[in-house]
Amino acid sequence: MSNVKENCWYSKDHEWVEKVSGNVVRIGISDFAQHQLGDIVFVELPEEGTEVKAEESIGTIESVKTVSDLFSPVGGQITKINPQLNDEPELVNSEPHDGGWMLEIEVAGNLEEQLSALLNAEQYKKFIEE
């Protein structure tokens, strides 16, 4: 059974979004996604300051099984990248919602509107059970 955090929103591409402060959100991949990928060996992310659009590819996650695109669930400017993932990409497996977060984005426009386009925890649980 995958761990789904209640205070997060989720994309159908299995990224999670958590409010940090103001219009800033933290993003990573879900516990379900990291289980599907297997052992993560490399994470490639854009630079801080990069402008991104919702549903745009913002990097790749490489596991022993495959390479997958990472998509931004919201639009805005990347304000922070998790520096630990350069040396410890396996944090995505061991702590997908804590130490394995990927980046932070300052959302452009209405944060609540962008979050409403995503799945809440209950909807995401149903989505991954299908």
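Look a little higher up for the structure.
So, a few notes on the structure that sits alongside this text. (Residues numbered from 1 in each chain as written. Predicted model: local features only at pLDDT ≥ 70, side-chain atom pairs only at ≥ 80, totals over all residues. Heavy atoms only, no water.)

With respect to the overall build of the protein chain
Counting its secondary structure elements, the protein chain contains 5 helices and 9 strands. Helices and strands appear in the protein chain in the N-to-C order β-β-β-α-β-β-β-β-β-α-α-β-α-α. Since a compact globule built from 130 residues should have a radius of gyration of about 14 Å, the 13 Å found for the protein chain is in line with a globular shape. For the C-alpha atoms alone, the extent of the protein chain along its principal axes is close to 40 × 35 × 20 Å. Burial status across the protein chain gives 48% buried among its 130 residues. When contacts within the protein chain are restricted to residue pairs at least 6 apart in sequence, those whose partners lie at least 24 apart make up 61%. For the protein chain, the accessible surface area stands at approximately 6,800 Å², while carbon and sulfur atoms represent 44% of it. The protein chain carries 9 positive and 26 negative side-chain charges, and their two centres are separated by 7 Å. (Helix = DSSP H or I, 4+ residues; strand = E, 2+ residues; numbered from the N terminus. Rg over C-alpha atoms; globule rule 2.2 N^0.38 Å. Buried < 20%, exposed > 50% of the residue type's maximum accessible area, 1.4 Å probe, protein only. Contact = heavy atoms within 4.5 Å. Areas by Shrake-Rupley, 256 points an atom, 1.4 Å probe, with all protein chains shown as cover. Lys, Arg positive; Asp, Glu negative; His and termini not counted. Charge placed at Lys NZ, Arg CZ, Asp CG, Glu CD.)

Let's talk about the nonpolar core
Ranked by size, the top nonpolar core spans 25 residues in total, and within it Val25, Ile29, Met102, Leu103 and Ile105 carry the most contacts. Secondary-structure elements contributing two or more residues to this core are strand E3 (24–29), helix H1 (31–37), strand E4 (40–44), strand E6 (57–63), strand E8 (76–81), helix H3 (91–94), strand E9 (103–107) and helix H4 (111–116). Listed in part, the 10 residues of the second largest apolar core include Tyr10, Trp16, Tyr124 and Ile128. (Core = buried A, V, L, I, M, F, W, Y, C linked by side-chain atoms within 4.5 Å.)

What to know about the sheet that holds strand E7 (residues 67–71)
The strands making up a sheet associate through backbone hydrogen bonding, with each pair oriented either parallel or antiparallel. Strand order in the open sheet formed by 3 strands is E4-E6-E7, and the pairing between neighbours is antiparallel. The open sheet has two free edges, formed respectively by E4 and E7, since each of these has just one partner strand. Between one strand axis and the next, the sheet turns through 25° on average, direction left out of account. (Pairing = 2+ DSSP bridges. Axes fitted to C-alpha atoms, helices over the stretch in contact; angles between N-to-C directions.)

Comments concerning the environment of glycine 28
Among the secondary structure elements, glycine 28 is positioned in strand E3. Note on glycine 28: relative accessible area 0%, which makes it buried. Taking the C-alpha atoms as reference points, glycine 28 and serine 94, separated by 66 residues in sequence, lie 13 Å from one another. When sequence neighbours within four positions are dropped, the list of residues in contact with glycine 28 reads His14, Glu15, Trp16 and Met102.

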